[in-house]
Amino acid sequence: MNIVNSNGILRQRVKNYFTSDAASNQIASELIHSLAEHAHVYIFGGMIRDLGLYGTEGFSSDIDLVYEGSRQALQNTLFHIGITNPIENKFGGFRFHYSQHDFDIWCLEDTWAFKNKHISLEDINSLLKTTLMSWDAIIYDVAKNEIIAEDDYLSNLMNRHLDVVLTDNPNTIGSMVKILRTIYIKDVVSLGPKLCDFLHERLQKSNINDIIEYEQAHYKQQTIVKEYVLKLYNDLSCLNDQNAFTLRQYHLSKK
């Protein structure tokens, strides 16, 4: 890991990624800036998180974009810049492949937590309250070259301390799988109290085999092992109130 320790360095990593020798990254940057000519556009969540954790070599996933404009304006903008056949998802956003990257883009007001009245939309900072996990609650403002996150975001990332933000979610088992995969893949060291309560409650109500089968159906790489999930659940069951739960090696890896 090569965890970033300042917003300035994180901004530089974003710039370095899009100006690297890889032509596909430069073309992706041109697309994003073309979108930003029509409305305020933000890179949200996973890309900025992974650049913060690993540097420019550590990101290889989708790019999530949030468009501050109407849905019709977004559709018109996509068409205008040559994205003529995006795939609409069930939450009202659009997915498309461009320059070796997969993009998901949606209107700020169509964010699931806003539309379903779980969070009030006041300004772009409200978006930080809509993520499942705290490490995903980070935004890069394309026009302003600015990082938007809570004050303790980078310290929690450096300490590899993970918590949940919004537990209301339309896909309960999917959210469980995302959290467990983050714990196993991204070397989480400690869990916050809200995440401990969430994991304990959901594991108590869930069939672990269903969680494993969901991961197998939706991800190429399998990381969730029943034995270690059970050990984690048992230790969470004995947990007293505290600020953090430190993960042990026997929670995380195979013998």
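An account of the accompanying structure is given in this report. (Residues numbered from 1 in each chain as written. Predicted model: local features only at pLDDT ≥ 70, side-chain atom pairs only at ≥ 80, totals over all residues. Heavy atoms only, no water.)

**Some words on unusual backbone geometry**
It is generally the case that most residues other than glycine have a negative phi and that most peptide bonds are trans.
Here's step 1: One non-glycine residue, Ser99, lies in positive phi territory at about 55 degrees.
Here's step 2: Note on placement: Ser99 falls in the loop between strand 4 (94-98) and strand 5 (101-107).
Here's step 3: Of note, the phi angle at Asp187 is positive, near 55 degrees, even though the residue is not glycine.
Here's step 4: The residue Asp187 is located in the loop between helix 7 (172-185) and strand 9 (190-191) in this model. (Helix = DSSP H or I, 4+ residues; strand = E, 2+ residues; numbered from the N terminus.)

**Brief notes about the side chain of Glu215**
Here's step 1: You can see Glu215 is positioned in helix 9 (residues 208-218).
Here's step 2: There is a polar contact of 2.8 Å between the side chain of Glu215 and the side chain of Thr223.
Here's step 3: When neighbours within four sequence positions are excluded, Glu215 is seen to be in contact with Val177, Arg181, Gln221, Gln222, Thr223 and Ile224. (Polar contact = N/O pair within 3.5 Å; in protein donor to acceptor, adjacent residues only side chain to side chain. Contact = heavy atoms within 4.5 Å.)

**Regarding the packing of aromatic side chains**
Here's step 1: In total, this model carries four aromatic pairs according to the counting rule given.
Here's step 2: The interplanar angle of 85 degrees and the centroid separation of 5.3 Å between the aromatic rings of Tyr17 and Phe18 together place this pair among those described as edge-to-face. With respect to burial, Tyr17 and Phe18 carry one shared label: buried.
Here's step 3: Where Tyr17 meets Phe59, the ring centres are 5.6 Å apart and the plane angle is 80 degrees; that geometry is what we call edge-to-face. Separated by 42 residues along the polypeptide, Tyr17 in helix 1 (residues 7-18) and Phe59 in the loop between helix 3 (46-54) and strand 2 (63-68) bring together distant segments of the chain. Considered together, Tyr17 and Phe59 belong to a single accessibility category, that of buried residues.
Here's step 4: Of the aromatic side chains, those joined through ring pairs into one cluster are Tyr17, Phe18 and Phe59. (Phe/Tyr/Trp six-rings, centres within 6.5 Å; stacked < 30°, edge-to-face > 60°. Buried < 20%, exposed > 50% of the residue type's maximum accessible area, 1.4 Å probe, protein only.)

**Side note on the pattern of salt bridges**
Here's step 1: In total, this model carries eleven salt bridges according to the counting rule given.
Here's step 2: Its salt-bridge partner being Lys205, residue Glu201 comes within 3.2 Å of it at the nearest N-O pair. You can see Glu201 and its partner Lys205 sitting in helix 8 (residues 193-205), four residues apart, about one turn around the helix.
Here's step 3: For Lys205, a relative accessible area of 63% corresponds to the exposed category.
Here's step 4: Salt bridges linked by common partners bring Arg49, Asp50, Asp136 and Lys186 together as one network. (Salt bridge = Lys/Arg side-chain N within 4 Å of Asp/Glu carboxyl O.)

**Looking at the packing of helix 9 against helix 10 (residues 226-237)**
Here's step 1: Where helix 9 contacts helix 10, the two axes come as close as 10 Å, and the packing angle between them is 130 degrees. With respect to each other, helix 9 and helix 10 are oriented oblique. In this structure, helix 9 crosses over helix 10, and the sense of that crossing is right-handed. Of the residues in helix 10, those touching helix 9 at Ile208, Asn209 and Ile212 are Lys226, Val229 and Leu230.
Here's step 2: Looking at the contact of helix 9 with helix 10 residue by residue, the classes come out as four nonpolar, one polar and one charged. (Axes fitted to C-alpha atoms, helices over the stretch in contact; angles between N-to-C directions. Parallel < 35°, antiparallel > 145°, perpendicular 65-115°, else oblique. Left-handed = near helix turned anticlockwise from the far one by under 90°. Nonpolar A, V, L, I, M, F, W, Y, C, P; charged D, E, K, R; others polar.)

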